[in-house]
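# Structural features, examined
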Amino acid sequence: MKNAFRASCGLALAGIAMGCADIEGTTGSGAGAILNGSEIEAEGTGEVYLDLRTTAGDRYCSATLVTNEWAVTAKHCVANLTDGAASVFGTMGGRGVRATEIVQHPTLDVALVRFGSAFVMHGYHEGYFHELDRGDPTSLEGDSLRCRGYGQDAYNGGGGTLRQASLRVSDAASNWYDLTPNSLGQITWLGDSGGTCT
């Protein structure tokens, strides 16, 4: 689909599907974020803003809590960190926490990030669990997913605010799916890698 705006989204895991891994189109290219998405309150969503210091410079990605202390994100987000886990700072709502451990999948674009203290979910510092098994992504073809992320809301900037959009799955395989822009022109863009589509 050269010249057609298309988002190729990464690994689908139980309950969530990882945010977009690459974008191609006539207006720009990059890795995952919600252009023109609707702003939503971050507190209690389980969506974490990752501030990353890498050997290529500072950047940001999205991540999704799976427990109060662990989040899943895209592996490419946490590659080339200047100081390992100490280079990652996660924020949800108004609370920020430094990461203490990163576990990268050996072959897939998936990583787990452990934070030094627990995020509060539904009023509690413990007991939160977000199941990650949604099944085979090929069954999602034609469905609409609600995608969330902290990425750019314009082609040239505006990241750092949690946004969401409902996007249709146009094609899917066993470990990826493609999203198409909706009627409002919303689509994933830079910085949403690691965010969820449910």
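Residues numbered from 1 in each chain as written. Predicted model: local features only at pLDDT ≥ 70, side-chain atom pairs only at ≥ 80, totals over all residues. Heavy atoms only, no water.

This paragraph deals with the packing of aromatic side chains. Within this structure, the stated rule accounts for three aromatic pairs. Ring geometry for Tyr-49 versus Tyr-60: centroids 5.6 Å apart, planes at 25°, classification stacked. Linking Tyr-49 in strand β6 (residues 47-54) with Tyr-60 in strand β7 (residues 57-65), this pair joins segments that are 11 residues apart in sequence. Relative to Tyr-150, the ring of Tyr-49 has its centre 5.4 Å away and its plane inclined at 70°; by these criteria the two rings are edge-to-face. One end of the pair, Tyr-49, is in strand β6; the other, Tyr-150, is in the loop between β12 (144-149) and β13 (163-173), with 101 residues separating them in the sequence. Residue classification places Tyr-150 among the buried positions, given a relative accessible area of 4%. (Phe/Tyr/Trp six-rings, centres within 6.5 Å; stacked < 30°, edge-to-face > 60°. Helix = DSSP H or I, 4+ residues; strand = E, 2+ residues; numbered from the N terminus. Buried < 20%, exposed > 50% of the residue type's maximum accessible area, 1.4 Å probe, protein only.)

In spatial order, the strands read β6-β7-β8-β11-β10-β9; together these six strands close into a barrel with antiparallel pairing. Sheet twist, expressed as the mean angle between neighbouring strand axes with direction ignored, is 40°. Where strand β8 (residues 70-73) and strand β11 (residues 111-115) come together, four bridges link them in antiparallel fashion. Bridge assignment links Trp-70 to a residue of β11, and that residue is Arg-114. (Pairing = 2+ DSSP bridges. Axes fitted to C-alpha atoms, helices over the stretch in contact; angles between N-to-C directions.)

On to the nonpolar core, then. In terms of nonpolar packing, the biggest core is built from 22 residues, with Val-48, Leu-52, Leu-65 and Phe-115 touching the most fellow members. Secondary-structure elements contributing two or more residues to this core are β6, β7, β9 (88-92), β10 (95-104) and β11. In contact with Leu-65, not counting residues within four places along its chain, are Gly-46, Val-48, Trp-70, Ala-71, Met-92, Phe-119, Met-121, Tyr-128 and His-130. Ranked by size, the runner-up nonpolar core spans 14 residues in total, among them Ile-34, Ala-172, Leu-179 and Ile-187. (Core = buried A, V, L, I, M, F, W, Y, C linked by side-chain atoms within 4.5 Å. Contact = heavy atoms within 4.5 Å.)

Moving on, we get to the state of the cysteines. What the rule picks out here adds up to two disulfides. Covalent S-S linkage joins Cys-61 and Cys-77, the inter-sulfur distance amounting to 2.0 Å. On the sign convention where negative is left-handed, the bridge of Cys-61 and Cys-77, at about -85° about the S-S bond, is left-handed. Of this pair, Cys-61 sits in strand β7 while Cys-77 sits in the loop between β8 and β9, and the two are 16 residues apart along the sequence. With a relative accessible area of 5%, Cys-61 lands in the buried category. (Disulfide = S-S within 2.5 Å.)

Relative to the elements of secondary structure, Gly-44 occurs in the loop between β5 (38-39) and β6. Judged by its relative accessible area of 27%, Gly-44 falls in the partly exposed class. Here the alpha-carbon distance between Gly-44 and Val-120, two residues 76 residues apart in the chain, equals 7.2 Å. When sequence neighbours within four positions are dropped, the list of residues in contact with Gly-44 reads Met-92, Met-121 and His-122.

This part takes up the pairing of β6. For β6 and β7, the ladder comprises eight bridges, and the chain directions are antiparallel. By the bridge assignment for β7, Tyr-49 is matched with Ser-62. Connecting β6 to the antiparallel partner β7 that follows it, the hairpin turn spans two residues. Relative to β9, β6 runs antiparallel, the two sharing four bridges. Paired with Asp-51 across the bridge in β9 is Phe-89.

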